[in-house]
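Working through the structure, step by step
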Amino acid sequence: MLSERRLEVLRAIVQDYVGTEEPVGSKALTERHSLGVSPATVRNDMAALEDEGFIAQPHTSAGRIPTDKGYRLFVDKLTAVKPMTAPERRAIQNFLEGAVDLDDVVGRTVRLLAQLTRQVAVVQYPSLTRSTVRHVELLALAPARLMLVLITDTGRVEQRMIDCPAPFGESSLADLRARLNSRVAGRRFADVPQLVQDLPEAFEAEDRGTVTTVLSTLLETLVEETEERLMIGGTANLTRFGHDFPLTIRPVLEALEEQVVLLKLLGEVGDSGMAVRIGHENAHEGLNSTSVVSVGYGSGGEAVAKLGVVGPTRMDYPGTMGAVRAVARYVGQILAES
């Protein structure tokens with residue numbers, strides 16, 4: 001266990017290195033921070049921190065920089081999430097409230113996160129496997145042609161055209177619409193197949209073929225839409241941190257192009273708490289020089305997707321965590337109200 005003073009020294013090193021981009025020396029630490037001890041004592045503390053792998057000497061310069069292990073201790077023990085100011089919170093709310101549909105919500109969220117954190121922002125579309133049906137609309141386009149519109153609790157809208165095996169009357173259509181919504185509205189996607197399996201039996205023999213066709217189209221739509229989608233923005237922000245990546249920024253950019261990598265990076269949707277993965281904690285080699293801060297978002301207290309940022313390990317962790325958490329909360333509110 002590190003002593004309280006050595007923890008203070010580590011905190012000061014992380015703060016200074018993140019703020020100045022320069023390796024930190026003992027003299028600078030004692031001048032900038034009221035550590036209450038001499039530079040010689042701080043030098044000893046830094047030697048102990050280096051021995052334990054919390055800081056390292058990047059080259060022959062006198063200063064030290066935090067390692068992944070040092071940042072991990074800083075995030076876990078030495079820092080708190082920095083809350084957004086009232087004007088910042090208002091600006092987030094106003095910007096997101098202007099969104100007209102789900103694509104716009106996700107697009108605005110990506111832009112906002114990238115601007116606030118000056119990192120790469122990644123936003124996962126709400127996962128339909130965790131969504132519920134808000135409403136199913138059926139519209140007659142011709143006597144034997146219908147349009148099915150599926151609306152989810154997260155504001156996602158899916159449309160499908162249906163060619164019916166026989167003409168389908170307006171009263172039968174209204175009956176099917178009412179029966180369908182009474183069974184599936186507010187229910188999870190996974191529960192829908194069981195809820196509608198005996199529905200054709202409630203109709204006259206001549207209408208059953210059409211009812212079956214409508215139900216199979218609905219179920220196909222639910223299955224198709226469970227694939228995960230992402231939006232990414234702010235990649236250009238990485239160019240500001242060129243010297244933070246050991247050789248080149250290319251492996252990071254290549255990793256960010258792989259959707260599967262990003263989904264793994266954000267983590268399981270069900271785990272909605274704030275997650276911070278630092279450097280080599282990221283399984284993908286191209287991201288070993290980055291940190292990822294992610295959190296779940298959703299309406300009504302349950303996460304339906306993740307959002308987060310990717311940046312260099314030399315990151316303002318308290319500020320980034322605060323921005324990611326605040327944006328997730330507002331996106332959740334907008335989904336709940338939409």
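Placed above this text is the structure.
Structure report, in brief. Since this is a predicted model, take the numbers as computed values, not measurements. (Residues numbered from 1 in each chain as written. Predicted model: local features only at pLDDT ≥ 70, side-chain atom pairs only at ≥ 80, totals over all residues. Heavy atoms only, no water.)

Structurally, Thr-290 can be placed in strand β9 (residues 290–297). Setting aside residues up to four positions removed in sequence, Thr-290 forms contacts with Phe-245, Val-252, Arg-277, Ile-278, Gly-279, Asn-282, Val-310, Gly-311, Pro-312 and Thr-313. (Helix = DSSP H or I, 4+ residues; strand = E, 2+ residues; numbered from the N terminus. Contact = heavy atoms within 4.5 Å.)

It is worth spelling out the sheet that holds strand β3 (residues 120–124) at this point. Ordered by their spatial adjacency, five strands build an open sheet running β7-β3-β10-β9-β8, and the pairing between neighbours is antiparallel. The open sheet has two free edges, formed respectively by β7 (230–233) and β8 (275–278), since each of these has just one partner strand. Taking each pair of neighbouring strands and ignoring which way they run, the sheet shows an average axis angle of 15°. In this fold helix α12 (residues 317–337) packs onto β8, β9 and β10 (305–312), with an angle of close to 25° to the strand it touches most, β9. (Pairing = 2+ DSSP bridges. Axes fitted to C-alpha atoms, helices over the stretch in contact; angles between N-to-C directions.)

Direction vectors running N to C along helix α1 (residues 4–20) and helix α3 (residues 39–51) enclose 85°, while the axes themselves pass 10 Å from each other. Relative to α3, the element α1 is oriented roughly perpendicular. Touching Arg-5, Arg-6, Val-9, Leu-10 and Ile-13 of α1 are Thr-41, Val-42, Asn-44, Asp-45, Met-46, Ala-48 and Leu-49, all from α3. Partitioned by chemical class, the residues of the contact of α1 with α3 number seven nonpolar, two polar and three charged. (Parallel < 35°, antiparallel > 145°, perpendicular 65-115°, else oblique. Nonpolar A, V, L, I, M, F, W, Y, C, P; charged D, E, K, R; others polar.)

Okay, the nonpolar core next. Counting residues in each nonpolar core, the largest one holds 57 residues, and the members touching the most others are Leu-29, Tyr-297, Leu-307 and Tyr-317. At eleven residues, the largest contribution of residues to this core is made by α12. Sequence-distant contacts of Leu-29, that is, excluding residues within four places in its chain, are made with Val-9, Ala-12, Ile-13, Asp-16, Val-24, Leu-35, Val-42 and Met-46. Leu-148, Val-196, Val-211 and Leu-218 belong to the second largest nonpolar core, which has 23 residues in total. (Core = buried A, V, L, I, M, F, W, Y, C linked by side-chain atoms within 4.5 Å. Buried < 20%, exposed > 50% of the residue type's maximum accessible area, 1.4 Å probe, protein only.)

Quick look at the side chain of Thr-109 now. Structurally, Thr-109 can be placed in helix α6 (residues 102–117). Within the structure, Thr-109 has its side chain in polar contact with the backbone oxygen of Val-105 (distance 2.6 Å). (Polar contact = N/O pair within 3.5 Å; in protein donor to acceptor, adjacent residues only side chain to side chain.)

Okay, the pattern of salt bridges next. Under the definition given, this model contains 16 salt bridges. Between Arg-314 and Glu-21 there is a salt bridge; the shortest N-O distance is 3.7 Å. One end of the pair, Arg-314, is in the loop between β10 and α12; the other, Glu-21, is in the loop between α1 and α2 (26–32), with 293 residues separating them in the sequence. Among the residues examined, Glu-21 registers a relative accessible area of 38% and is labelled partly exposed. Lys-27 is the salt-bridge partner of Glu-31, the closest N and O atoms lying 2.9 Å from each other. (Salt bridge = Lys/Arg side-chain N within 4 Å of Asp/Glu carboxyl O.)

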